[in-house]
Amino acid sequence: AFCIPLEQLNNNDVEYVGGKSASLGEMISELASADVPVPGGFSTTAHAYRLFLAQSGLAEEIDGLLQNPEVYTDVRKLQETGKYIRDKILATPFSPELERAMLESWESVTGDDEDAALAVRSSATAEDLPDASFAGQQETYLNVRGKDELFIKVKAGDD
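Predicted model only: the values in this text are computed from it and were never measured.

Basis of the calculations
- Residues numbered from 1 in each chain as written.
- Predicted model: local features only at pLDDT ≥ 70, side-chain atom pairs only at ≥ 80, totals over all residues.
- Heavy atoms only, no water.
- Helix = DSSP H or I, 4+ residues; strand = E, 2+ residues; numbered from the N terminus.
- Polar contact = N/O pair within 3.5 Å; in protein donor to acceptor, adjacent residues only side chain to side chain.
- Contact = heavy atoms within 4.5 Å.
- Salt bridge = Lys/Arg side-chain N within 4 Å of Asp/Glu carboxyl O.
- Phe/Tyr/Trp six-rings, centres within 6.5 Å; stacked < 30°, edge-to-face > 60°.
- Buried < 20%, exposed > 50% of the residue type's maximum accessible area, 1.4 Å probe, protein only.
- Lys NZ or Arg CZ within 6 Å of the ring centre and 35° of its normal.

(A) Broad picture of the side chain of T81. Position of T81 among the secondary structure elements: in helix α5 (residues 75–91). A polar contact is formed between the side chain of T81 and the backbone oxygen of K77, at a distance of 2.8 Å. Those residues within four positions of T81 in sequence are excluded, and the remaining contacts are L65, L66 and V71.

Pasting the structure below:
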């Protein structure tokens, strides 16, 4: 699946959608029975992200760029490489299948209301592990309105 409604997620889904989406899904399911309203939404999956990178050839290109040892010893080279990768991701179109899945999910959440405001949050699938910290490395965009802005922010959140 490319997108999963938050209501269908729980803390066992971190590897598929990341920690934030899994936690939101858990919160929705746990608090619904207590009549605490939690806004719904959807999550794009790690599978969708990996497929986006693979189908566009970006995965191979990124792997090649990261083979350069200078990336790990020269801060300027790291910044240069990071900017190049971000720019390539932003310039690469989504596959029609992924775009359709996100559009269907967006319509389900917003009722196809272009003025509905959403939050877009990136999330690592390896968050909060004992040997890995991603603090401050994720992006959050609030008041995202319309499908065009949604598509832009989903890519920007992959930084």
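(B) View of the pattern of salt bridges. In the structure shown here, the tally under the stated rule is four salt bridges. Residues E114 and K147 are paired through a salt bridge, measuring 2.9 Å at the closest nitrogen-oxygen approach. Here E114, found in the loop between α6 (96–110) and β3 (117–121), pairs with K147, found in helix α7 (residues 147–156); they are 33 residues apart in sequence, far enough to count as distant.

(C) Summary view of the packing of aromatic side chains. Here the structure, examined in full by the defined rule, presents two aromatic pairs. Here the aromatic rings of F52 and F94 are separated by 5.4 Å at their centres, their planes lie at 50°, and the arrangement is tilted. A residue pair is termed long-range when its members are at least 10 positions apart, and F52 in helix α3 (residues 46–55) and F94 in the loop between α5 and α6 qualify at 42 residues. Given the relative accessible area of 6%, F52 is considered buried. With a centroid separation of 6.0 Å and 70° between ring planes, the pair formed by F94 and F151 is classed as edge-to-face. Taken together, the positions of F94 in the loop between α5 and α6 and F151 in helix α7 put the pair 57 residues apart, joining distant regions of the chain. For the pair F94 and F151, one class covers both residues: buried. Three or more aromatic residues joined by ring pairs make a cluster, and in this case those are F52, F94 and F151. Against the face of F94 rests K155, its NZ or CZ located 4.8 Å from the ring centre.

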